[in-house]
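Observations on the model geometry
Single-letter residue listing:
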Amino acid sequence: MNNVIINTDNLRSFLCEEELTAMHKEVLAAKHTLMSGDGAGQDFLGWLDLPKDVQASEISSIKKDVERLAGKAELFVVIGIGGSYLGARAVIEALQSEFAYMESGRRFPIVVYAGHTLSEDYYHQLLQILDKRDYAVAVISKSGTTTEPAVAFRIIKGHLEKKYGKEEAADRIIAITDARRGALHDISKQEGYKTYVIPDNVGGRFSVLTPVGLLPIAMSGYDIDRLLQGANDMRSICMNNDGLEDNPALMYATIRNIFYKKGRKVEILENFVPQLKYFSEWWKQLYGESEGKDGKGILPHSLSFTTDLHSMGQYVQDGERIMFETVISVASPSHQVAIPDDEQNLDGINYLLGKSLTEINRNAELGTVMAHRDGGVPVLRIEIPKVDEYVLGQMIYFFEFACGVSGYVLKVNPFDQPGVEAYKKNMFRLLGKPGYTDK
Ligand code: PA5
């Protein structure tokens, strides 16, 4: 069943039926290119079938690792950057308590992150915590040669070996990398680490449904079978439907490409529940790295409301009309909190009594959507029933499929990222890396 409903009510006045029909045709051609595997980047289409192809033996091995490590690790350090960390973080932070770090007596470890920064203070702070807590590590790098996770792994491996001894440390490390090559592959072989493979035909930002995402998500105690089930059901919906009303990915790709053509160069992904903040970070990488090339591409931006209504709301309402908005609208919370009655009503909010916080938040959302629409910004709403593993699985596959289609509409290769190399070459030259100093 489709849990991702696209609501176009607040953008219809910004486009006409002819534009929809014309872009629908382009999007269908792009879908055909994607599914026939004869477009640019065709060697990186493994993600299309991931939710159905994932091996039962791999899932069971991940669950065994969770059993083996959960009892002896309060923290699970996930070392990775970009596509090798954002998907796991998006799902974990969507599902866990904002205050998970302060809970005691947890059954599953708290995931903490490394390898996504070169900040010295960050590693100092992390090591101070790792001195006091039991932990295990997942080191994730497809290439196995990315500088940030390599530096982090060297620091943390040294700490782990000092804390537990070499043998126990090796037992607490899991490496997720290429099947055949790369420094991480070689280190893992030499040290005898448990390893998982990132398939050759799956790029970093499309890898959340491989062990890259599945292991950290399972280690946090979440249901990876439901996540994959959601993704697999959305796979059927995306692959088997060509109508805009039956296929949310095609509708989304159609709308965003119409607005891009009309000069809306910025898309703002918005949520009204803070636990989706990292989902937006994952989405920004997915779309930014897939489309931002050859001088083209929508600039993906994100905001968390109502928080950011008190900072960026002014710009969206009244600034340059360069954007359209995509609101992720969650129907039901997982928990309820009552607003207490107060006879004195000094704060003047007794008029809210009897309404749930979710109802108040929903009205903030509707009020915002109307205001922005009336201020000249088209607003697309993605309506989901709740935030759980199944719905997140659907959302992941929906956004990935729409991204592949959108990239082909834009006539770029959605599956490469040549631009990411530019800063690395300069950094290596500046740092005197062998082979780069004369460049
Ligand atoms: O999407 C991508 O390909 C990138 O963001 C990579 O995931 C990121 O650069 C990390 O690469 P690697 O996994 O090779 O360390």
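Nothing here was measured: the structure is a model prediction, and the numbers come from that model.

Here is what the cut-offs are and how they apply
Residues numbered from 1 in each chain as written. Predicted model: local features only at pLDDT ≥ 70, side-chain atom pairs only at ≥ 80, totals over all residues. Heavy atoms only, no water. Buried < 20%, exposed > 50% of the residue type's maximum accessible area, 1.4 Å probe, protein only. Helix = DSSP H or I, 4+ residues; strand = E, 2+ residues; numbered from the N terminus. Pairing = 2+ DSSP bridges. Right-handed = clockwise from strand over helix to strand, strands pointing away. Patch = residues over 30% accessible without salt bridge, like charges linked within 9 Å, V, L, I, M, F, W, Y side chains within 5 Å. Areas by Shrake-Rupley, 256 points an atom, 1.4 Å probe, with all protein chains shown as cover. Salt bridge = Lys/Arg side-chain N within 4 Å of Asp/Glu carboxyl O. Lys, Arg positive; Asp, Glu negative; His and termini not counted. Charge placed at Lys NZ, Arg CZ, Asp CG, Glu CD. Axes fitted to C-alpha atoms, helices over the stretch in contact; angles between N-to-C directions. Contact = heavy atoms within 4.5 Å. Near = heavy atom within 4 Å. Polar contact = N/O pair within 3.5 Å; in protein donor to acceptor, adjacent residues only side chain to side chain. Nonpolar A, V, L, I, M, F, W, Y, C, P; charged D, E, K, R; others polar. Core = buried A, V, L, I, M, F, W, Y, C linked by side-chain atoms within 4.5 Å. Phe/Tyr/Trp six-rings, centres within 6.5 Å; stacked < 30°, edge-to-face > 60°. Lys NZ or Arg CZ within 6 Å of the ring centre and 35° of its normal.

**What about the pairing of strand β5 (residues 173–177)?**
- Summarising burial for β5: five of the five residues are buried, a large majority.
- Neither face of β5 is open: one carries Ile-173, Ala-175 and Thr-177, the other Ile-174 and Ile-176, and all of them are buried.
- Here five bridges tie strand β4 (residues 135–141) to β5, and the two strands are oriented parallel to one another. Of the residues in β5, the one forming a bridge with Ala-138 is Ile-174.
- In the sheet, β5 pairs with strand β6 (residues 194–197) via four bridges, with the strands oriented parallel. Residue pairing across strands places Ile-174 opposite Lys-194, the latter belonging to β6.
- Since β5 and β6 lie parallel, the crossover through helix α8 (residues 183–191) that links them has a hand, and here it is right-handed.

**Focus on a negative patch on the surface**
- On the surface, Asp-341, Asp-342, Glu-343 and Asp-347 cluster together to form a negatively charged patch.
- Checked against the element boundaries, Asp-341 lands in the loop between β9 (323–330) and α14 (357–374).

**Digging into a nonpolar patch on the surface**
- A cluster of nonpolar side chains, contributed by Phe-99, Tyr-101 and Met-102, occupies part of the molecular surface with about 400 Å² of accessible area.
- With respect to the secondary-structure elements, Tyr-101 resides in the loop between α4 (86–95) and β3 (110–114).

**Considerations on the sheet that holds strand β8 (residues 299–304)**
- Read across the sheet, five strands follow the order β1-β10-β9-β7-β8 without closing on themselves; strand pairing throughout is mixed. Of all strands in the sheet, those bounded by a partner on one side alone are β1 (5–7) and β8. On average, adjacent strands in this sheet sit at an angle of 25° to one another, irrespective of strand direction.
- Helix-sheet contacts for helix α12 (residues 277–291) involve β7 (266–271), β8 and β9, and the interaxial angle to β8 is about 175°.

**Description of the site of the ligand**
- Around the ligand, 13 residues are found, and the nearest of them are Ser-84, Ser-141, Ser-143, Thr-146 and Gln-285.
- Here an oxygen atom of the ligand sits 3.1 Å away from a polar atom, N or O, in the main chain of Arg-205.
- Within the side chain of Gln-285, one N or O atom sits 2.6 Å away from an oxygen atom of the ligand.
- Class assignment of the residues belonging to the shell around the ligand gives a composition of one nonpolar, nine polar and three charged.

**Points about the nonpolar core**
- By size, the foremost hydrophobic cluster in this structure holds 102 residues, and its most contacted members are Trp-47, Phe-279, Trp-282, Phe-399 and Phe-401.
- Of all the elements, helix α15 (residues 389–410) adds the most residues to this core, at 14 residues.
- Not counting residues up to four positions away in its chain, the partners in contact with Phe-399 are Tyr-252, Leu-269, Phe-279, Trp-282, Trp-283, Leu-286, Tyr-287, Ile-328 and Ile-382.
- Formed by 24 residues, the second largest nonpolar core is a distinct cluster that contains Ile-79, Val-112, Leu-126 and Ala-170.

**Thoughts on the packing of aromatic side chains**
- The final tally for this structure, using the stated rule, is 21 aromatic pairs.
- Between Trp-47 and Phe-415, the ring centres sit 6.0 Å apart and the planes meet at 45°, which makes this aromatic pair tilted. Taken together, the residues span a long stretch of sequence, with Trp-47 in the loop between α1 (17–36) and α2 (50–53) and Phe-415 in the loop between α15 and α16 (421–431) at a distance of 368 residues.
- Since its relative accessible area comes to 0%, Trp-47 is described here as buried.
- Of the aromatic side chains, those joined through ring pairs into one cluster are Tyr-252, Phe-279, Trp-282, Trp-283, Tyr-287, Phe-398 and Phe-399.
- Over the ring of Tyr-278 we find Arg-89; its NZ or CZ atom is 4.1 Å from the centre of that ring.
- The ring of Tyr-164 carries the charged tip of Arg-172 above its face, separated from the ring centre by 3.9 Å.

Keep in mind these numbers describe shape, not what the thing actually does.
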